[in-house]
Amino acid sequence: IFESPLLKKSGVGWNAWGMHQFDPWWTGKEWICAVDGRSSAGWSIGIYIAKPMPNTYCVANKADLIAALNEAKDNEAHDVIKIQQGTYNGNFVYASTESFGVTIEGGYTVGCASRVVDPTNTVLDAQNNGVVLALSAPDVFADFALDGLTLQNGNVIGHGGGLFSLTDGTVTLTNNIISHNNADGEGGGAYFPSGTVTLTNNTFSHNSASQGGGGAYFYCHAATLTNNTISNNNANSYGGGVWFRIY
């Protein structure tokens, strides 16, 4: 049922004669409302699902991007962050306890009026000092998506030099370049210690890890890789390109 619920008789359809009860509850991601209505056919049950509207941000500089990530982490909605073409130096962190997630897209023109999907035109660069991008929502089913970005020159004491992603939800990477990152632990390019991961049309190159998973480290529920390029990565212990453990 897609139309808005009516708390009075509609004169037609399943609640032609009136509505008896309206029962909403919050699932953590959306409102679900159960209603019953009466018509000549008898009583009917309707279910309405009301998803929060996503918040959209258009960012043009480092400060805008940091502010958008900070606001998105606890605003009770899935957020879309559109990044205008350019190079953004620094460390970018989304740390949330909510089950909502975030989508980050590169390639936008001025004012986010249009988009050219090419990861070389939107670069996040940690300048060899810390992680490039960290997305963290531990123990909740938040969904993360990255599209059309380059993550480069991350360097961490720990895991995930280019990308650190922690969630029980889905992680989707499409059309990205993750290169020249280093981790003293695992996952030089990217570190996925949980969630369901889908990678499509990405490049992982010239990343390194002191332990395992030079290009990427997967210890997650499931992983699907399609048409990715994984080359010239290195790990001192195991999985120079990638290392998988699915649980």
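Bear in mind that the values here come from a model prediction, so they are computed numbers and not experimental data. (Residues numbered from 1 in each chain as written. Predicted model: local features only at pLDDT ≥ 70, side-chain atom pairs only at ≥ 80, totals over all residues. Heavy atoms only, no water.)

## What about the environment of Gly-154?
Assignment of secondary structure puts Gly-154 in the loop between β12 (150-152) and β13 (155-156). Assessed through its relative accessible area of 0%, Gly-154 is described here as buried. Each C-alpha atom of the pair Gly-154 and Ala-183 lies 7.9 Å from the other, and the pair is 29 residues apart in sequence. (Helix = DSSP H or I, 4+ residues; strand = E, 2+ residues; numbered from the N terminus. Buried < 20%, exposed > 50% of the residue type's maximum accessible area, 1.4 Å probe, protein only.)

## Section: the packing of aromatic side chains
Applying the stated rule across the entire model yields 7 aromatic pairs. With 5.2 Å between their ring centres and 25° between their planes, Tyr-191 and Tyr-217 make a pair best called stacked. Of the two residues, Tyr-191 sits in strand β18 (residues 190-192) while Tyr-217 sits in strand β22 (residues 216-220), which places them 26 residues apart along the sequence. Just as Tyr-191 is buried, Tyr-217 falls in that class too. (Phe/Tyr/Trp six-rings, centres within 6.5 Å; stacked < 30°, edge-to-face > 60°.)

## Focus on the confidence of the model for the chain
Averaged over the chain, the pLDDT score is 88; the fraction of residues at 70 or greater is 79%. The low-confidence segment residues 1-6 (pLDDT under 50) makes 12 contacts with residues lying over four places distant or belonging to another chain. (pLDDT = per-residue confidence, 0-100. Contact = heavy atoms within 4.5 Å.)

## Topic: the pairing of strand β8 (residues 102-108)
β8 sits mainly inside the fold: 7 of its 7 residues count as buried. By the bridge criterion, 5 bridges tie strand β5 (residues 79-84) to β8 in an arrangement that is parallel. Residue Lys-82 lies in a different strand from β8, and its bridge partner there is Glu-105. Pairing of β8 with strand β11 (residues 144-147) involves 4 bridges; the strand directions are parallel. Residue pairing in the sheet places Ile-104 in a bridge with Leu-146 of β11. (Pairing = 2+ DSSP bridges.)

## Some details on unusual backbone geometry
Backbone geometry places Glu-76, a non-glycine residue, at a positive phi of 60°. Take Glu-76: it is sitting in the loop between α1 (62-72) and β5. Here the phi dihedral of His-180 falls at roughly 55°; this positive angle occurs in a residue that is not glycine. Note on placement: His-180 falls in the loop between β16 (177-179) and β17 (182-183).

## Describing the side chain of Glu-105
Positionally, Glu-105 belongs in strand β8. Although Glu-105 is buried, it makes no salt bridge; Arg-115 carries the closest opposite charge, 4.3 Å away. With sequence-adjacent residues up to four places away left out, Glu-105 is seen in contact with Val-80, Ile-81, Lys-82, Ile-83, Arg-115, Asp-147 and Leu-149. (Lys, Arg positive; Asp, Glu negative; His and termini not counted. Salt bridge = Lys/Arg side-chain N within 4 Å of Asp/Glu carboxyl O.)

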